[in-house]
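# Per-entry structural report
The lines below spell out each chain.
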Amino acid sequence: MNVKATLSPDDLARACAEAMWQEDDASKGLGMEIVEIRPGQATMAMTVKPHMVNGQRIAHGGFIFLLADSTFAFACNSHNERAVAAQCNISFIRPGKLGDRLVATAREISRTGRSGIYDVRVTVDDTVIAEFRGHSRTIGGAWLPGVEIGAK
């Protein structure tokens, strides 16, 4: 019997995140945590550890980018369509420091056809330290085959 499951948009977004998280060794390995997932939105956090600071003794920009990129990935994969980054850029505004809890919040700006645009803000205690913009592209396939979006 072929039965299709129907989930609310919020439940679908969370289920997609759970499926993706199971395969995301990079984000887990860096100690990231998922704070919140909604359709087209994601919030993740990571604490700056000693191996994440550079010669200036501030958070290495690559780690800030990694957090923003992972958060972008969870936001653009929240619609049960597999998506990857096509292009990303980041502007560093203030330094992160050892022990800081970085919080990245992604929101969908547009999604048309196979392309999406997402903005990610990285903060420490509500102070913005970086702004990231990512362009996504769907690649075919679903995180949860046979699942459809139901009523809101």
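Structure's up top.
Quantities reported herein were computed from a predicted structural model and do not represent experimental measurements. (Residues numbered from 1 in each chain as written. Predicted model: local features only at pLDDT ≥ 70, side-chain atom pairs only at ≥ 80, totals over all residues. Heavy atoms only, no water.)

### Side note on empty space enclosed by the protein
For clarity, the cut-off: A cavity here means a set of 1 Å grid points, computed over protein atoms only, where a 1.4 Å probe fits but cannot escape. A pocket is an open set with protein on both sides within 12 Å along at least 5 of 7 lines, and lining residues have an atom within 4 Å of a point. Grid points are joined across faces, edges and corners, and a volume is the space filled by probe spheres set on the points. Strands are runs of DSSP state E lasting at least 2 residues, helices are runs of H or I lasting at least 4, and numbering of each runs from the N terminus. Each residue gets one of three labels, nonpolar for Ala, Val, Leu, Ile, Met, Phe, Trp, Tyr, Cys and Pro, charged for Asp, Glu, Lys and Arg, and polar for the others, Gly among them.
As enumerated under the stated definition, the model contains one cavity of 30 Å³ or more in all. Looking at the largest cavity, its volume works out to about 40 Å³. Lining the largest cavity, in full, are Cys76, Ala83, Arg111, Gly113, Arg114, Ser115, Gly116, Tyr118, Ser136 and Thr138. Secondary structure elements with two or more residues in the lining of the largest cavity: strand 6 (115-124) and strand 7 (127-138). It is strand 6 that contributes the most residues to the lining of the largest cavity, three residues altogether. A per-class count over the lining of the largest cavity returns three nonpolar, five polar and two charged.

### Things to note about the side chain of His79
Operational definition: Residues adjacent in sequence count toward polar contacts only when both atoms are side-chain atoms; beyond that, a polar contact is any pair of N or O atoms within 3.5 Å, and within protein one must be able to donate a hydrogen and the other to accept it. Two residues qualify as a contact provided that any one of their heavy atoms is within 4.5 Å of a heavy atom in the partner residue.
Counting through the fold element by element, His79 comes out in the loop between helix 3 (61-76) and strand 4 (83-92). Polar contacts involving the side chain of His79 include one to the side chain of Glu108, which spans 2.7 Å. Look past the residues within four positions of His79 in its chain and what remains in contact with it is Leu12, Pro39, Gly40, Glu108, Arg111 and Tyr118.

### Some details on the pairing of strand 3 (residues 41-47)
Our working rule: Classification of residues uses two cut-offs on accessible area relative to the type maximum, computed with a 1.4 Å probe and protein chains only: under 20% is buried, over 50% is exposed, and between them is partly exposed. Paired strands, as defined in this entry, are two strands with at least two bridges between them according to DSSP.
Extensive coverage of strand 3 is indicated by the burial of five of its seven residues. Counting the residues in the hairpin turn of strand 2 (residues 33-38) and strand 3 gives two residues, including Gly40, whose phi is positive at 75°. Looking at chain direction, strand 3 and strand 5 (residues 101-112) are connected through seven bridges and run antiparallel. Looking at strand 5, one finds that Gln41 is bridged to Arg107.

These figures capture arrangement, not role.
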